[in-house]
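# Summary of the model geometry
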Amino acid sequence: RGEGEDGVVTVKSRKALLVLEDGTAFEGRTFAGEGEVEGEVVFNTSMTGYQEVLTDPSYRGQIVVMTYPLVGNYGVNPEDMESANIQVEGFVVREYEPAPSNWRSRMTLAEFLGGNGIVGIEGVDTRALTRRLRLAGAMKGVISTEDLDPRSLAAKAGASQGLVGRDLVKGVSCREAYRWPAAESRRHVVVLDFGVKFNILRCLAGRGCRVTVVPAWTSADAVMAMNPDGVLLSNGPGDPEPITYAVDTIRKLIGRVPLFGICLGQQLLAIALGGKTYKLKFGHRGANHPVKNLLTGKVEVTVQNHGFCVDADSIKDPEVEVTHINLNDGTLEGMRHRGLPAFSVQYHPEASAGPHDAAYLFDDFVAMMEKGSADGGR
């Protein structure tokens, strides 16, 4: 490490290799950290918001590639954290900017990553890498500054765990319940924390909700003992199928209290309603995904981060209807129960970072809770 004349802390870079499980290798150099990490390699198409991406718990177990070529130019600040820690396994960019220019910046991206022991590499042909993932699908991969043999790293990537069948929620959920501060307290929302982003909690608090965040494995009886006006099923990482304890809780909550599911929360709600999920080829990650609201006919530009999706044909209950679809590939992006107070979306209405087109969904949730109260409560 050293400090240049402009006061920017520099880190001596090292040669690094990113190798996919199919043997495709990409050369780069470190701008933060060193060592060897493994994870599912995925791409994100957002032009801004790298700090929110890095701290989103839904990225646990993944190496994230940013398609936008210049990253780091506005630094990092305490206000834009989406969890208490960096969640990605590794970070890949085309060009790192070591001298951020923004009045909110408190440190460089390299300092943020390196201080948390996360490897960040630059100089990678991210267009070629993204094209490979787009055509072949998301793959397991390894970044290394120690082993520079592509064949060795490909073997390591192939032998790594991946995401399918793996419970990543237990590694990101809170260990005990806590309260999120709010200026008002008109409604009490219990959030089942599967890896919740902080801005979801901010959006609820900003609408006068008293928010209690509880671990993912909290039972339905324990949730109801808190006397909630509504329950939010949060986003989170990985495959929903192994999260059986959460499905059991949700199944017991349906019809007893208004439910709002986001991302992984939608997938778990769908399973609780008898549906199934499947792994997408390369997933949806970015802040520019068009979604059509079938109830209003309007198109929303949305923030997305998921590699699994609900199979719409697997839900046989005629009372469950599809409310939103992805205009890029037709996948299910939202659903609701006609007779019971429960709805969900696959994307992120809290944005952070990204467009705010879908913020109305939090208002819909509050309205649902108020209707439940007017109808006599639970």
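On a predicted model such as this, the values are computed, not experimentally measured, just so you know.

By secondary structure assignment, the location of Glu 333 is in strand 20 (residues 332-337). Buried and unpaired, Glu 333 has no salt bridge, with Arg 285 as the nearest side chain of opposite charge at 12 Å. At 3.0 Å, the side chain of Glu 333 forms a polar contact with the side chain of Gln 304. In terms of polar contacts, Glu 333 uses its side chain to reach the side chain of Asn 326, at 2.8 Å. Once you skip the residues sitting within four places of it in the chain, Glu 333 turns out to touch Gln 266, His 284, Val 291, Gln 304, His 306, His 324, Ile 325, Asn 326, Ser 344, Val 345, Gln 346 and Tyr 347.

Helix 5 (residues 198-205) sits mainly inside the fold: seven of its eight residues count as buried. Looking only at helix 5, the buried set comprises Phe 198, Asn 199, Ile 200, Leu 201, Cys 203, Leu 204 and Ala 205.

Next up on the list: the sheet that holds strand 20. Pairing is mixed in the open sheet, where 10 strands are placed in the order 12-14-13-15-16-21-20-19-17-18. Each edge of the sheet is formed by a strand with only one pairing partner; in this case those strands are strand 12 (178-180) and strand 18 (299-311). Neighbour-to-neighbour, the strand axes of the sheet open up by a mean angle of 25°, direction not taken into account. Pairing of strand 17 (residues 276-293) with strand 19 (residues 320-326), which is carried by three bridges, proceeds in the antiparallel orientation. By the bridge assignment, Val 291 is partnered in strand 19 with Asn 326.

This part is about the sheet that holds strand 8 (residues 90-92). Strand order in this closed barrel of seven strands is 3-4-10-8-6-5-11, and the pairing throughout is mixed. On average, each strand axis in the sheet is inclined to that of its neighbour by 35°, with strand direction left out of account. Pairing analysis gives three bridges linking strand 8 to strand 10 (residues 119-122), with the strands arranged parallel. Each residue of the ladder has a partner; that of Gly 90, found in strand 10, is Val 119. Against the sheet, helix 3 (residues 126-136) contacts strand 3 (15-20), strand 4 (25-32), strand 5 (36-44), strand 6 (62-66), strand 8 and strand 11 (139-144), and its axis sits at roughly 80° relative to strand 5. Docked against the sheet, helix 4 (residues 150-159) engages strand 3, strand 4, strand 5 and strand 11, running at close to 50° with respect to strand 3.

To continue, consider the side chain of Thr 130. By the element assignment, Thr 130 lies in helix 3. For Thr 130, the side chain forms a polar contact with the main-chain oxygen of Thr 126, separated by 2.7 Å. Leave out the neighbours within four places in its chain, and Thr 130 touches Phe 43, Val 65 and Thr 67.

Reading guide: rules and limits
Residues numbered from 1 in each chain as written. Predicted model: local features only at pLDDT ≥ 70, side-chain atom pairs only at ≥ 80, totals over all residues. Heavy atoms only, no water. Helix = DSSP H or I, 4+ residues; strand = E, 2+ residues; numbered from the N terminus. Buried < 20%, exposed > 50% of the residue type's maximum accessible area, 1.4 Å probe, protein only. Lys, Arg positive; Asp, Glu negative; His and termini not counted. Salt bridge = Lys/Arg side-chain N within 4 Å of Asp/Glu carboxyl O. Polar contact = N/O pair within 3.5 Å; in protein donor to acceptor, adjacent residues only side chain to side chain. Contact = heavy atoms within 4.5 Å. Pairing = 2+ DSSP bridges. Axes fitted to C-alpha atoms, helices over the stretch in contact; angles between N-to-C directions.

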